[in-house]
Amino acid sequence: MRILLAGGNGQVGHELRRSLAPLGEVVITTRNGELGGGSVLACDLMQPGALAAILRETQPDIVVNAAAYTAVDKAESDRDAAFRVNAGAVEELARECASRGITLIHYSTDYVFDGQGKHPYLPGDATSPLGVYGESKLAGEDAIRASGTKHLILRTAWVYGLHGHNFLKTILRVGGERDELRVVSDQIGSPTPAWLIADVTAQILRQGVGVGGVQHLVAAGQTSWHGFAKAIFDEAVAIGRLERKPITHAIPSSEYRTPARRPSWSVLDSSSLEKSYGIKLPDWRLALAQTFRMLGQHDE
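Residues numbered from 1 in each chain as written. Predicted model: local features only at pLDDT ≥ 70, side-chain atom pairs only at ≥ 80, totals over all residues. Heavy atoms only, no water.

Draft legend 1. Spatial organisation of helix α8 (residues 225–238). Here α8 is 14 residues long and its end C-alpha atoms lie 20 Å apart, about the 20 Å a rise of 1.5 Å per residue gives. For α8, the complete set of buried residues consists of W225, H226, F228, A229, A231, I232, F233, E235 and A236. Once α8 finishes, G240 follows within two positions and takes phi at roughly 85 degrees, a positive value. (Helix = DSSP H or I, 4+ residues; strand = E, 2+ residues; numbered from the N terminus. Expected span 1.5 Å × (residues − 1). Buried < 20%, exposed > 50% of the residue type's maximum accessible area, 1.4 Å probe, protein only.)

Written out as structure tokens, the structure is:
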């Protein structure tokens, strides 16, 4: 099959390049047309019609859209850009897919929920974003549904990986620089590595999207950012990535103010995805350990 991968240089896109390659020809876009010194298709989602034009040019069988505006705090003062990329460009893409009978796989976020839940969110639970980023991502979801194209929207959360800007890389850097640090302990979620998202996407494509719709895709189990940081330090010291564990103090969100409000409860229920596609998702700690093994291989 021919797959159009939009956003091939993000942390999920980077892993998708690997996982999708065995499935057929993968046509990759990035904002500036550059990727690791190589040349790919340029696609600036701030330009209306850009992604739809590339779809018409490449005529793929499947579109995997990993491109997004993900600057959660910046979105609060840059609403137009967030909506342009996460909603406007997605609407154009979905309409083009619908007109050509192309299946669309798209990634969304826990930020479509308000974080007031007490149980893991199901795909059909009511949405209520707290900020601009979540609003823009929900608008993108709505546009896909309204287009009528065959689609699969995969909501995920607390994404981290070996590439791009994310919590894992930040906490390793800070942990190597400081003896003590303070990390929020009253936001709860399921840390999910980019490689897992990419691998599950490839597994789904191998068997077919099926009925599609909205599914949740996160590692099993849950923790706080504080718990995640401590687990990262445990793994890092165990493999010699760090010499010692810094003292990690738990603090409430009220002591770490950000422009955008974060959901305090970001736990998603992935059981529907597991049942629909016969996939067993690993516990977040096991996924973290695997990520560190991959980190060691990457360094080599």
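Draft legend 2. Looking closely at the pattern of salt bridges. Evaluated as defined, the whole model comprises 18 salt bridges. With a closest N to O distance of 3.1 Å, R84 and E92 form a salt bridge. Residue classification places E92 among the partly exposed residues on the basis of a relative accessible area of 23%. When the shortest N-O distance is used, the salt bridge between R182 and E255 registers 3.1 Å. With R182 in strand β10 (residues 180–184) and E255 in the loop between β15 (247–251) and α9 (271–277), this residue pair connects regions lying 73 residues apart in the sequence. (Salt bridge = Lys/Arg side-chain N within 4 Å of Asp/Glu carboxyl O.)

Draft legend 3. Looking closely at the nonpolar core. Ranked by internal contacts, the top residues of the largest apolar core, which has 63 residues, are L16, V64, Y107, I204, L205, L273 and L288. With nine residues, the top contributor of residues to this core is helix α7 (residues 194–207). The residues touching L288, leaving out its near neighbours within four places in the chain, are Y160, L168, F228, A231, I232 and E235. Ranked by size, the runner-up nonpolar core spans 31 residues in total, among them A82, A94, Y111 and I153. (Core = buried A, V, L, I, M, F, W, Y, C linked by side-chain atoms within 4.5 Å. Contact = heavy atoms within 4.5 Å.)

Draft legend 4. View of unusual backbone geometry. Not every positive phi belongs to a glycine, and Q59 is a case in point at roughly 50 degrees. With respect to the element layout, Q59 can be found in the loop between α2 (50–58) and β6 (62–65). Taking relative accessible area as the criterion, Q59 reaches 57% and is therefore assigned exposed. Positioned with a positive phi, W158 is a non-glycine residue whose angle comes to about 50 degrees. Topologically, W158 is positioned in the loop between β8 (151–156) and β9 (159–160).

Draft legend 5. Representation of the packing of helix α4 (residues 79–100) against helix α5 (residues 132–147) in the model. Remark: α4 packs on α5, axes separated minimally by 8 Å, with the N-to-C direction vectors making an angle of 15 degrees. Regarding the angle of α4 to α5, the classification is roughly parallel. Every pair of crossing elements has a handedness; the one defined by α4 and α5 is right-handed. Here R79, A82, F83, N86, A87, V90, E91, A94, R95 and A98 of α4 come into contact with α5, specifically with V132, Y133, E135, S136, K137, A139, G140, A143, I144 and S147. Partitioned by chemical class, the residues of the contact of α4 with α5 number eleven nonpolar, four polar and five charged. (Axes fitted to C-alpha atoms, helices over the stretch in contact; angles between N-to-C directions. Parallel < 35°, antiparallel > 145°, perpendicular 65-115°, else oblique. Left-handed = near helix turned anticlockwise from the far one by under 90°. Nonpolar A, V, L, I, M, F, W, Y, C, P; charged D, E, K, R; others polar.)

Draft legend 6. Looking closely at the packing of aromatic side chains. Within the structure shown, the criterion is met by eight aromatic pairs. With a centroid separation of 6.0 Å and 90 degrees between ring planes, the pair formed by F228 and W284 is classed as edge-to-face. Here W284 lies in helix α10 (residues 284–299) and F228 lies in helix α8, a separation of 56 residues in the sequence. Accessibility classification places F228 together with W284 in one group, the buried group. A connected cluster of aromatic rings, assembled from ring pairs, spans W158, Y160, F167, W225, F228 and W284. (Phe/Tyr/Trp six-rings, centres within 6.5 Å; stacked < 30°, edge-to-face > 60°.)

Draft legend 7. Geometry of the pairing of β6. Across the two faces of β6 the burial is the same, with I62 and V64 and V63 and N65 all buried. Bridging between strand β1 (residues 2–6) and β6 involves four bridges; their strand directions are parallel. Along β6, the bridge assignment pairs I3 with I62. Where β6 lies against strand β7 (residues 103–109), four bridges are found, and the strand directions are parallel. Pairing of V63 across the sheet is with L104, part of β7. (Pairing = 2+ DSSP bridges.)

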